[in-house]
Amino acid sequence: MTAVIRREDRRTPPTELDGEHRTVVVVGGGQAGLSMSRCLDVRGIDHLVLERDVVASSWKRHRWDTFSLVTPNWQCDLPDFPYAGPDPHGFMVRGEIVDYLEAYRAFVDPPLLEGVAVTRLHRDERGTFVVETSAGTCTADQVVVATGGYHTPLTPPLSEPLPAGITQIGSQDYRNPGQLPPGEVLVVGSGQSGAQIAEDLHLEGRRVHLVVGHAPRVARFYRGRDVTDWLDEMGYYRMPVTRHPRREAVRAQANHYVTGRDGGRDIDLRRFAAEGMQLYGALTDHAGGRLTFAPDLESSLDHADEVSESIKDTIDGWIAEQGVDAPVEERYTPVWRPEREVTELALDGSGITSVVWCIGFRQNFSWIDLGVFTGRGSPVHSRGATAVPGLFFLGLPWQWTWGSGRFSGVGADAAFLAERIRSQRGLTSTGGRGDVCNVLALGS
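Predicted, not measured: the structure shown is a model, and the values here were computed from it. (Residues numbered from 1 in each chain as written. Predicted model: local features only at pLDDT ≥ 70, side-chain atom pairs only at ≥ 80, totals over all residues. Heavy atoms only, no water.)

### Describing helix α4 (residues 192-203)
Thinking step 1. For α4, which comprises twelve residues, the first-to-last C-alpha distance of 16 Å matches the rise-based estimate of 16 Å (1.5 Å per residue) to within 8%.
Thinking step 2. Buried within α4 we find Q192, G194, A195, Q196, I197, A198, E199, D200, L201 and H202.
Thinking step 3. In this fold, the buried residues of α4 make contact with β11 (184-188), β12 (208-211), α6 (269-274) and β19 (352-357).
Thinking step 4. Immediately beyond the C-terminal end of α4, within one or two residues, lies G205, with a positive phi of roughly 85°. (Helix = DSSP H or I, 4+ residues; strand = E, 2+ residues; numbered from the N terminus. Expected span 1.5 Å × (residues − 1). Buried < 20%, exposed > 50% of the residue type's maximum accessible area, 1.4 Å probe, protein only. Contact = heavy atoms within 4.5 Å.)

### Some remarks on the side chain of Q31
Thinking step 1. Along the chain, Q31 turns up in helix α1 (residues 31-41).
Thinking step 2. A distance of 3.3 Å separates a polar atom in the side chain of Q31 from a polar atom in the side chain of W59.
Thinking step 3. Not counting residues up to four positions away in its chain, the partners in contact with Q31 are W59, L78, L101, G405, F407 and V410. (Polar contact = N/O pair within 3.5 Å; in protein donor to acceptor, adjacent residues only side chain to side chain.)

### Examining the pattern of salt bridges
Thinking step 1. All chains considered together, the criterion is met by 32 salt bridges.
Thinking step 2. Salt-bridge contacts for E20 lead to R22; the nearest nitrogen and oxygen are separated by 3.8 Å.
Thinking step 3. Judged by its relative accessible area of 15%, E20 is buried.
Thinking step 4. R22 gets classed as buried once you look at its relative accessible area, which sits at 2%.
Thinking step 5. Among the salt bridges present, the one from D46 reaches R22, with a minimum N-O distance of 3.8 Å. Of this pair, D46 sits in the loop between α1 and β2 (47-51) while R22 sits in strand β1 (residues 21-27), and the two are 24 residues apart along the sequence.
Thinking step 6. A relative accessible area of 9% means that D46 is categorised as buried. (Salt bridge = Lys/Arg side-chain N within 4 Å of Asp/Glu carboxyl O.)

### Observations concerning the pairing of strand β16 (residues 283-287)
Thinking step 1. As defined by bridge partners, β16 adjoins strand β17 (residues 290-293) across four bridges and the pair is classed as antiparallel. The partner of H286 across the bridge, within β17, is L291.
Thinking step 2. Where β16 folds back on β17, the antiparallel hairpin that results is connected by two residues, among which G288 adopts a positive phi of roughly 60°. (Pairing = 2+ DSSP bridges.)

All quantities given are derived from atomic positions and should not be read as evidence of function.
Here's what the structure looks like:
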């Protein structure tokens, strides 16, 4: 049995890992890794957190200047560290998110090594996990992979590359309109990032061409409240993936686009088009200097509206069922429809000088040399636990609930896994500093 190491006896993390052994190694030092560290700590479980960059690096380096959360601040509820600011129904901007995470890091005080990349994870002949890193090789009884589910940015396969004179960046590298050369901008993708980046460029007076995908949208406010308030009251955020109508398929579903910018509002692509933004259907190819698009713009816009209105239908039903006194609100009426589907665009003479790719990310767990993945590289798990005893994942989209990959639900998942880790090792809790993680686990 692995001994329980009290917090006050925990060693300072080494700078070289060769020969080190820990009860648990946590890979990733973002909100998932910090949450896991807190939940292990209050149980007195020895562990080490490895972060290839720095804490909150994705928020510091891979978000645009006007970025804000699309979920209200009250949903920021990391273990034992709920949002305590003056604006629970507001939306933190990038700098405030970084401050929140840095404050959480100071609160957790994790045994953390930054700037250490894990290059391979496997097991030796005894079943012990071997963690090869840029700072040496250590071993562990159990491992939690807390790197989230968005790793490698995607670009569509095209017959020919775009002209060399066109600047191309991914959503993770976009900062502001000023970083792009003068001229018109093609934004490919209309999920959360694409829709918000297109809006950012549009509001700055840039001529935007937006390739619209199949992402749904949601209203920001309805019948006197933020839609997230209604959904929370209806229990949506507590619904496990096993009870979702789409089951595990929901994990691949695109996020609904909306924004928390300037206090929060809808993103209406039709209104942007009425104001001069050029919309297209899905990008299918580039050849001979011409982009081609699927004739599905109108159906994509209609689908996004239908999803938004169906959510309102559900809220209406809840209000009626519960007898809630809420103001009646007129439903959305489309302000623009395409006169025709544009299926081709010659880049030469279009005025487009830059492209921002916003079509999502794929998971990349190629460094894990263990048979726990589907043919497409996604981990097979049940609430983060895999078929390999002692190997867990944390922070995946819809790992258990809608909030699993977000500030709102990752803490409950971390608490659940911490209990699994403790039970598998026969460990008993030392009480630690606070017991919210224990309460979360019991209520999960």
